[in-house]
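Here's the letter readout for the chains.
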Amino acid sequence: MTTTEPRFRADPLDTHRAGLREWVALGVLMLPVLLTSIDNTVLSFALPQVSTALHPTGEQLLWLVDIYPLMLAGLLVAMGSLGDRIGRRRLLLIGAVGFGIASVFAAFSPTAEALFASRALLGVFGATLMPSTLSLIRNLFTHRDDRRLAIATWASAFAGGAALGPVVGGWLLEHFWWGSVFFINVPIIIVFLAAAIFLLPESRDPRPGRVDLISIVLSLTSMLPFVVGIKQVAEHGFSDLALAGFAVGITSGVVFVRRQHRLVDPMIDMTMFSDRVFSGAIVANLLSLMGYAGFVFFGAQFLQIVVGLSPMSAATVLLPGLALTVIGGFAAVRLVRHIPARALVAGSFGLSASGYAIAAFLGTPTMWSIMVAFAVLGLGIGLAETLTNDLMLSSVPPNKAGAASAISETAYEVGAVLGTAVLGSILTSTYRSHLTVPAVVQWGDNDSSFETLGSTVEFAGNYPNEVGDNLIRSAYAAFDLGMQLTSATAIVVALAAAVVSWRTLKGA
């Protein structure tokens, strides 16, 4: 029988409506969503304190931010497939326990290297949480309207959590040490475990295949070396290490895809990508989060170090953006009934581009320009995340929800990694190249003292005279220029996402 409908299009006529238990279960599922997304950005506001306490180099500072979403991105597909096989609820509970333990390690890290290892461990266990939450939603809410509202809640928690990270971090940093931004995870995990055991149903693929360890390794080796290559190009140009990273990543990716085509029970059913809407939603997710992560990376440092706000005051500057992210997600549920999804998604990326234009082209950045820019950006992200995730889940059957959710979230995390790796590296390299260090300061000093804005300002305090003042002025000017160039790059990324959405989501 021949049909023009995509193979995995879900039945929109399911009349079973969700009851009280399903909506309460959704509330429980939001706890790990918030934790995972908050941990994506909470470190950004602690970077000045981390720089002072642990003295990382500029490259280490970027890696402290990147390693968490990188491990998430590398393992999400594997964990989504594993959840389909052993049970999504079971995997969610195991991951929550591990996430709590890793949070304790991160909170009390004595060195930058120890914090890096703890963040990597958080990424591993975070990868067990995210696919399970979205795939459980797919199985809990079978009616299209219920599912769309549930996904709006999930997307608002995910995108809003990323914006809430600096707010939570700001409050904690004003009252406790920098490690508190990780330790706060522990009581939330305890509450979640107690509720999840009683309220969340188990679900799995009724015909699971075996766990393929080779595919798991290939998925990770496709991601990690490739991002290392991107970071090396941004930092040092096309070095041997960068070329080796690209070669290993691309080779592993090709082998991974070919292996999935050959396996009887693949980790990923590659035929899902034949659905134009599914593929378009994935790419749009990646590009949108790339710009979002880059903004949070430089915005948090600018507000605290350049403007001079306290962590909490700086975080409140981002609150309008947080509110509009949540509002945009729920507004999408109503707007899509009257406006085609592709027009809404493409328009949301136009909003994101407008937010960055405010930061790039309105002269020297200020607290107010950052507030307005992030608000406009947040509204666009809120619209896009709800719609693209709904389109993606609507294209797969419930038994494949774990793997499909993992692919969507992998795109999200890859976007976050690229945002920090590419946009963050543009900011860092611009800062370094335009920073003028007085000759008298350089004698006998470690060059790493001038690799980040925070360490430069701290070091300038050793010279309470004109030398220190000139160093600080040069650092602020170099950072402002870096922000503007980074924002201009992000505009191109957002417009690319708009074009991709318009071309691929036709008929969605």
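The preceding data block contains the structure.
Residues numbered from 1 in each chain as written. Predicted model: local features only at pLDDT ≥ 70, side-chain atom pairs only at ≥ 80, totals over all residues. Heavy atoms only, no water.

Focus: the packing of helix α10 (residues 276–306) against helix α13 (residues 341–361)
A pair of packed helices is characterised by two quantities: the angle between their axes and the separation of those axes. Packing of α10 against α13 leaves a shortest axis separation of 11 Å and a crossing angle of 25°. By the angle class used here, α10 and α13 are roughly parallel. Between α10 and α13 the crossing geometry is left-handed. Between α10 and α13, the residues in contact are Ala284, Ser288, Gly291, Tyr292, Gly294, Phe295 and Phe298 and Phe349, Tyr356 and Ala359, respectively. Across the contact of α10 with α13, the residue classes break down as seven nonpolar, three polar and no charged. (Axes fitted to C-alpha atoms, helices over the stretch in contact; angles between N-to-C directions. Helix = DSSP H or I, 4+ residues; strand = E, 2+ residues; numbered from the N terminus. Parallel < 35°, antiparallel > 145°, perpendicular 65-115°, else oblique. Left-handed = near helix turned anticlockwise from the far one by under 90°. Contact = heavy atoms within 4.5 Å. Nonpolar A, V, L, I, M, F, W, Y, C, P; charged D, E, K, R; others polar.)

Section: the layout of surface pockets
For the largest pocket, the calculated volume is near 650 Å³. Lining of the largest pocket is provided by 25 residues; of these, Ser222, Met223, Phe256, Thr410 and Val414 occupy positions nearest its centre. Mapped onto the lining of the largest pocket, the elements with two or more residues apiece are α2 (58–86), α8 (213–236), α9 (240–262), α10 and α15 (401–434). Within the lining of the largest pocket, the residues separate by chemical class into 19 nonpolar, six polar and no charged. (1 Å grid on protein atoms, 1.4 Å probe; cavity = no way out; pocket = protein on both sides within 12 Å on 5 of 7 lines; lining within 4 Å. Points joined across faces, edges and corners; volume = space filled by probe spheres on them.)

Details of the packing of aromatic side chains
By the definition in use, this model includes four aromatic pairs. Ring centres of Phe108 and Phe183 lie 5.9 Å apart, and the angle between their planes is 75°; on these two criteria the pair is classed as edge-to-face. One end of the pair, Phe108, is in the loop between α3 (88–107) and α4 (112–140); the other, Phe183, is in helix α6 (residues 180–183), and 75 residues separate them in sequence. Take Phe183: its relative accessible area is 36%, and that puts it in the partly exposed class. Relative to Tyr356, the ring of Phe295 lies with its centre 5.5 Å away and its plane at 70°, an arrangement referred to as edge-to-face. With Phe295 in helix α10 and Tyr356 in helix α13, the pair connects residues that are 61 residues apart, well separated along the chain. Of the residues examined, Phe295 reaches a relative accessible area of 1% and is grouped as buried. By the ring-pair criterion, three or more aromatic residues cluster together here, those being Phe108, Trp177 and Phe183. (Phe/Tyr/Trp six-rings, centres within 6.5 Å; stacked < 30°, edge-to-face > 60°. Buried < 20%, exposed > 50% of the residue type's maximum accessible area, 1.4 Å probe, protein only.)

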